[in-house]
Amino acid sequence: NFLIKPSEKVAIVGKDDSGKSTIAKLICGLYRIGPGDILIDDISIRNLERGQLKDKVSVVFENYIKYNFSLRKNITLSEPERDFSRRRFEEVLEITGLNTWIRENDIEEGQILGKQLSSGIQISSGHWQRIAIARALYRDRHILILDESLTQIDGKSRERILKNVIEFRPKQSLIYITQDENNLEMFDKVLYVDKGKITKTDKK
């Protein structure tokens, strides 16, 4: 049993099969709740339609999807084109460090990513992860969940991205799920999970 306050930054830490990713999937409505309940804004997720829940939560799982679309389409995919926000698009590029990558490699917004098409370019797993995170950030929901979604990114860049997410989105609740115990000092609360139970809670 635990509470995450609005805008709170929380890390959930555990080894493989500890149950930490199950928490994310329960919050997202991907698993049916057994005993107990999950409340968002004091409303049970049992009473929310799938679309209503998606309007509240944005998530990046470890097994994110790679789309062989343009860079811009990859990031803005979940939102209608008519609602495109240049400010938000450029902000998520900065948060994830993709702006530097684009500049240094002379990549255009319309550049197709991936080699499935002859016009596409090959990019690293780390940059695919950054793009998946940028897509979730672009959705700009009340709750952002990062579930083992920085594993292909080097340590310094991982730290920078987490700092940027926290600084650029102070009102957004962040749930960071990880095995890595680095950078935990950034978070308001750290929950340690083992065998499906919260074994310890550290707070600032």
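Summarised in this report is the structure supplied together with it. (Residues numbered from 1 in each chain as written. Predicted model: local features only at pLDDT ≥ 70, side-chain atom pairs only at ≥ 80, totals over all residues. Heavy atoms only, no water.)

Considerations on the overall build of the protein chain
Just so we agree on the cut-off: Only DSSP runs of H or I with at least four residues qualify as helices, and only runs of E with at least two residues qualify as strands; both kinds are numbered from the N terminus onward. Throughout, radius of gyration means the C-alpha value; the globule benchmark is 2.2 Å times the number of residues raised to the power 0.38. Burial here depends on accessible area, computed with a 1.4 Å probe over protein chains only, as a share of the maximum for the residue type. Under 20% is buried, over 50% is exposed, and the range in between is partly exposed. With residues, only the protein chains shown are counted as cover, and all accessible areas are computed by Shrake-Rupley using a 1.4 Å probe.
Secondary structure assignment for the protein chain yields seven helices and eight strands. The C-alpha atoms of the protein chain give 17 Å as radius of gyration, which agrees with the globular expectation for 204 residues (17 Å, within 12%). With the C-alpha coordinates of the protein chain rotated into their principal frame, the extents come out at 50 × 35 × 30 Å. Within the protein chain, the proportion of its 204 residues that are buried is 48%. In the form shown here, the protein chain has an accessible surface area of approximately 11400 Å², with 45% of it arising from carbon and sulfur atoms.

So, the sheet that holds strand β7 (residues 189–194)
Stated precisely, the cut-off is as follows: Strand pairing requires that DSSP identify at least two bridges connecting the strands. As a rule, the C-alpha atoms of each element are fitted with a line to give its axis, helices using only the stretch in contact, and angles between N-to-C directions run from 0 to 180 degrees. Pairs of residues are marked as contacts when any of their non-hydrogen atoms sit within 4.5 Å.
Read across the open sheet, the six strands follow the order β4-β5-β6-β1-β7-β8; overall the sheet is mixed. Looking along the sheet, the strands with just one partner apiece sit at the ends: β4 (57–60) and β8 (197–203). On average, each strand axis in the sheet is tilted by 15° relative to the strand beside it, whichever way the strands run. Here β4 runs beside strand β5 (residues 143–147); their pairing, made up of four bridges, is parallel. Bridged to S58 within β5 is L144. On top of the sheet, helix α1 (residues 20–27) reaches β1 (9–13), β4, β5, β6 (173–178) and β7; it is set at about 145° to β6, its chief contact. Strand contacts of helix α6 (residues 125–139): β4 and β5, with the helix running at about 175° to β4, the strand carrying the most contacts.

Here we look at the pattern of salt bridges
The line we're drawing: Definition used for salt bridges: Asp or Glu carboxyl oxygen within 4 Å of a side-chain nitrogen of Lys or Arg.
Applying the stated criterion to the full structure yields 15 salt bridges. As a salt-bridge pair, E91 and R87 come within 3.6 Å of each other at their nearest N and O atoms. With E91 and R87 both in helix α4 (residues 86–96), this residue pair falls four residues apart, about one helical turn. Exposure remark for R87: the relative accessible area of 55% places this residue in the exposed category.

Focus: the side chain of S157
Our working rule: In protein, a polar contact requires one atom able to donate a hydrogen and another able to accept it; more generally it is a pair of N or O atoms within 3.5 Å, and residues adjacent in sequence count only if both atoms are side-chain atoms.
Its place among the elements puts S157 in helix α7 (residues 155–168). A polar side-chain atom of S157 sits 3.2 Å from a polar atom in the side chain of R130. At 2.8 Å, the side chain of S157 and the side chain of D154 are in polar contact.

Focus: the packing of α4 against helix α5 (residues 98–105)
Spelled out, the test is: Reported orientations rely on four angle classes, namely roughly parallel under 35 degrees, roughly antiparallel over 145, roughly perpendicular from 65 to 115, and oblique for the rest. The classification used treats Ala, Val, Leu, Ile, Met, Phe, Trp, Tyr, Cys and Pro as nonpolar, Asp, Glu, Lys and Arg as charged, and all other residues, Gly among them, as polar.
At a minimum axis distance of 5 Å, the contact between α4 and α5 shows a crossing angle of 90°. The pairing of α4 with α5 is recorded here as roughly perpendicular in orientation. Seen from α4, the contacting residues are L93, E94 and T96; seen from α5, they are L98, N99 and I102. Its residues assigned to classes, the contact of α4 with α5 comprises three nonpolar, two polar and one charged.

Considerations on the side chain of H127
Within the secondary structure layout, H127 lies in helix α6. Apart from the residues within four sequence positions on either side, H127 is in contact with L98 and W101.

Focus: α5
Put simply, the test is: This arc corresponds to the set of directions leading from the helix axis out to the C-beta atoms.
Within α5, the full set of buried residues consists of L98, W101 and I102. An end-on view of α5 places all buried positions within 100° of arc, on one side of the element. Exposed and oriented more than 90 degrees from the buried face of α5 are R103 and E104. D106 lies just past α5 and shows a positive phi near 55°.

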